[in-house]
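Tertiary structure, described
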Amino acid sequence: MDVLQEKGLTPLRVILGFSLVSTTIHYAHNAIRVADYPQLPGVSATVAGIVVAFGWVLFTTFGWLGYRAYVRKKYPRALAFLLVYSLAGMITLGHFLTGVPQIPGFFFATIFTDAAAGLALWVFLTWAWATLDRVTSRDQVSTQH
């Protein structure tokens, strides 16, 4: 019995689906309406918008690679990729390091839904690593006397 597949695949799909919807909306708004967000000194709005769009593609690629590896039961690789992907959600809290964005409430809320998705993925990853560690330890019982 593969506990990670049996008990983990559905929650992972839900978390990744939620994260994909949330980060797509938030990052798209951020890239298109970059001037509405507090800016880093010395970084033009154009450059910031390009970095945001590229960042979303990069993070999402890690999420896709993680999901693909998880389905193929390559768990250590999957969990590492998914950990990187979780940063797509958590990093949005960085908006508050430069001030409070003056954006419509819906898009403001996506900062928190991104973070919630990243946190949910961290909880899932903690469970998956702990489960993987228990299964691996049990499988390594020595048969030598």
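Residues numbered from 1 in each chain as written. Predicted model: local features only at pLDDT ≥ 70, side-chain atom pairs only at ≥ 80, totals over all residues. Heavy atoms only, no water.

1. What to know about the UniProt feature "transmembrane region" (unreviewed entry) in the chain
The sites that UniProt annotates as "transmembrane region" (unreviewed entry) are residues 12-32, 44-67, 79-100 and 106-130. With 100% helix and 0% strand, residues 12-32 has its two end C-alpha atoms placed 29 Å apart. As annotated, residues 106-130 has a helix share of 100% and a strand share of 0%, and its two end C-alpha atoms lie 36 Å apart. (UniProt positions renumbered as here; feature names shortened; annotations may be inferred. Helix = DSSP H or I, 4+ residues; strand = E, 2+ residues; numbered from the N terminus.)

2. A few points about the packing of aromatic side chains
Each aromatic ring pair is summarised here by two numbers: the centre-to-centre distance and the angle between the ring planes. Within the structure shown, the criterion is met by 8 aromatic pairs. Where Phe108 meets Phe112, the ring centres are 5.7 Å apart and the plane angle is 55°; that geometry is what we call tilted. One end of the pair, Phe108, and the other, Phe112, are both in helix α4 (residues 105-139), 4 residues apart, so they sit about a helical turn from each other. A residue is classified by how much of its surface remains accessible, and Phe108, at 23% relative accessible area, is partly exposed. Ring-pair connections join several aromatic residues into one group, and the members of that group are Tyr70, Tyr75, Phe124 and Trp127. (Phe/Tyr/Trp six-rings, centres within 6.5 Å; stacked < 30°, edge-to-face > 60°. Buried < 20%, exposed > 50% of the residue type's maximum accessible area, 1.4 Å probe, protein only.)

3. Here we look at helix α3 (residues 75-90)
Taking 1.5 Å per residue as the helical rise, α3 with its 16 residues ought to reach 22 Å, and the 22 Å between its terminal C-alpha atoms agrees with that figure. Considered for burial, the residues of α3 that qualify are Tyr75, Ala78, Leu79, Leu82, Tyr85, Ser86, Ala88, Gly89 and Met90. Summarising the axial view, the buried residues of α3 lie within an arc of 165°, below the 170-degree limit, and thus occupy one face. (Expected span 1.5 Å × (residues − 1). Arc of directions from axis to C-beta.)

4. A closer look at the layout of surface pockets
There is about 560 Å³ of room inside the largest pocket. Around the largest pocket, the lining comprises 20 residues; the ones closest to its centre are Asn30, Leu40, Val51, Val52 and His95. At the level of secondary structure, the elements contributing two or more residues to the lining of the largest pocket comprise α1 (3-32) and α2 (45-71). The element contributing the most residues to the lining of the largest pocket is α2, with 5 residues. Looking at the lining of the largest pocket residue by residue, the classes come out as 12 nonpolar, 8 polar and no charged. (1 Å grid on protein atoms, 1.4 Å probe; cavity = no way out; pocket = protein on both sides within 12 Å on 5 of 7 lines; lining within 4 Å. Points joined across faces, edges and corners; volume = space filled by probe spheres on them. Nonpolar A, V, L, I, M, F, W, Y, C, P; charged D, E, K, R; others polar.)

5. Some details on the pattern of salt bridges
Opposite charge on two side chains permits pairing when their charged atoms draw close. Across all of its chains, the model carries 2 salt bridges by this definition. With a closest N to O distance of 3.7 Å, Asp2 and Lys73 form a salt bridge. With Asp2 in the segment before α1 and Lys73 in the loop between α2 and α3, this pair connects stretches of sequence that are 71 residues apart. Lys73 sits in the partly exposed class, given a relative accessible area of 48%. As a salt-bridge pair, Asp36 and Arg33 come within 2.9 Å of each other at their nearest N and O atoms. (Salt bridge = Lys/Arg side-chain N within 4 Å of Asp/Glu carboxyl O.)

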